[in-house]
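Given next are the chains, with one letter for each unit.
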Amino acid sequence: MRKNKGRGISTKILILVPVFVLGVVSVISNLGAVSNIRSVNKSASQIANEYMTCISSLSDIQRETQQIHRLGLSHIVATDLSSMIELVESIRNEQEILDGYLEQFETITAGAGDFEDNYQTLLNHFESLKYEMANLLAYSANGKNEEAYALANGAIAEHSEAMLASIADMTQEARTGSEKAKDELSKVYSKAFFTSMVTITVSIVSLLAALISVFALVIRPLSRTQKEITGIIEDIDRREG
């Protein structure tokens, strides 16, 4: 009796252990998949929302900076009053648009220390640019083209170039950050792929172990017992029991 009971416990353990392992591996695999999906989504969102938007915003700032400088030069060469007035309005509009782009960029990069110094430098030069541009317009309006050209090719050009240099530095920082995020995304993918391969392998091994255990310890003994019972019944039918 004790011997049979021991066999029963051993059989149960041999059958249940692979099944239990298979269940645990499935749960761990699903939890790992959820975690990896979140990591991939975070990296992808960071690339799309932060760095790409940042680069696009910097491109807008660069375009407006160059446009303001060109409009200032156009005001100097304008020959009629109406054109000068239109150019003044255009310059003011472009400055307002650039102010909006700068505020947008600050919102996008809030808390990003990599851009802080360059962004502050950009703001300082923009304020100086607006001041010098007002002086240029005053000189140009009063027919002092020589002084206006001196400002356009001197202080204004220097501030504009400094702004473009800060923009170029921040663009490079954004691209570097984007590459790092892509590398991180690649690492997460590799980790997810390796984890999936391991869990699949363990699942297959556990499934095979469960099938072998069930076949060896349940199906085969049942088949053998069924044959024995069938033989006994046949013997009884032949009155040989």
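Refer to the structure presented above.
Residues numbered from 1 in each chain as written. Predicted model: local features only at pLDDT ≥ 70, side-chain atom pairs only at ≥ 80, totals over all residues. Heavy atoms only, no water.

### Examining the pattern of salt bridges
If you walk through the whole model with that rule in mind, you get 5 salt bridges. The shortest N-O distance in the salt bridge between R63 and D60 comes to 3.0 Å. Remark: D60 and R63 occur in helix 1 (residues 2-77); sequence separation between them is 3 residues, near one turn of the helix. Note on D60: relative accessible area 18%, which makes it buried. Taking the shortest distance from any N to any O, the salt bridge between R92 and E89 comes out at 3.8 Å. Note that R92 and E89 are positioned in helix 2 (residues 81-108) at a spacing of 3 residues, about one turn of the helix. For E89, a relative accessible area of 40% translates into the label partly exposed. Three or more residues are tied together by salt bridges with common partners; here these are D60, R63 and E64. (Salt bridge = Lys/Arg side-chain N within 4 Å of Asp/Glu carboxyl O. Helix = DSSP H or I, 4+ residues; strand = E, 2+ residues; numbered from the N terminus. Buried < 20%, exposed > 50% of the residue type's maximum accessible area, 1.4 Å probe, protein only.)

### Quick notes on the nonpolar core
Grouped together as the largest cluster of nonpolar side chains are 31 residues, with contacts concentrated most on I61, F105 and L136. At the level of secondary structure, the elements contributing two or more residues to this core comprise helix 1, helix 2, helix 3 (113-141), helix 4 (145-153) and helix 5 (155-237). The contacts of F105, once residues within four sequence positions are left out, are C54, S57, L58, I61, F115, Y119 and M170. (Core = buried A, V, L, I, M, F, W, Y, C linked by side-chain atoms within 4.5 Å. Contact = heavy atoms within 4.5 Å.)

### Focus: helix 2
Between its terminal C-alpha atoms helix 2 stretches 41 Å, which fits the 40 Å expected from 28 residues at 1.5 Å a residue. Buried within helix 2 we find M84, L87, V88, I91, E94, Q95, L98, L102 and F105. (Expected span 1.5 Å × (residues − 1).)

### Considering the packing of aromatic side chains
In the structure shown here, the tally under the stated rule is 2 aromatic pairs. Between F105 and F115 the ring centres are 5.9 Å apart and the planes differ by 85 degrees, which places this aromatic pair in the edge-to-face class. Of this pair, F105 sits in helix 2 while F115 is found in helix 3, placing the two residues 10 residues apart along the sequence. Both residues of the pair, F105 and F115, belong to the buried class. (Phe/Tyr/Trp six-rings, centres within 6.5 Å; stacked < 30°, edge-to-face > 60°.)

### A short note on the side chain of H69
Relative to the helices and strands, H69 is located in helix 1. Not counting chain neighbours up to four residues away, the residues in contact with H69 comprise M133, A152, I156, A157 and S160.

### Focus on helix 4
Along helix 4, the residues classified as buried are A148, L151 and A152. Buried residues in helix 4, looked at end-on, bunch into an arc of 100 degrees, giving them a common side. The exposed set on the far side of helix 4, more than 90 degrees from its buried face, consists of E146, A150 and N153. (Arc of directions from axis to C-beta.)

### Describing a nonpolar patch on the surface
Side chains of Y189, F193, M197, I200, I204, L207, L208, L211 and I212 sit close together on the surface and give an oily, nonpolar patch of about 910 Å² of accessible area. Considering the arrangement of structural elements, one finds I212 in helix 5. (Patch = residues over 30% accessible without salt bridge, like charges linked within 9 Å, V, L, I, M, F, W, Y side chains within 5 Å. Areas by Shrake-Rupley, 256 points an atom, 1.4 Å probe, with all protein chains shown as cover.)

### Description of the environment of I91
Structurally, the position occupied by I91 is in helix 2. The class of I91 is buried, set by a relative accessible area of 1%. The sequence separation of I91 and H69 amounts to 22 residues, and the corresponding C-alpha distance is 8.8 Å. Discounting residues that sit within four places of it in the chain, I91 has contacts with L71, G72, M133 and L137.

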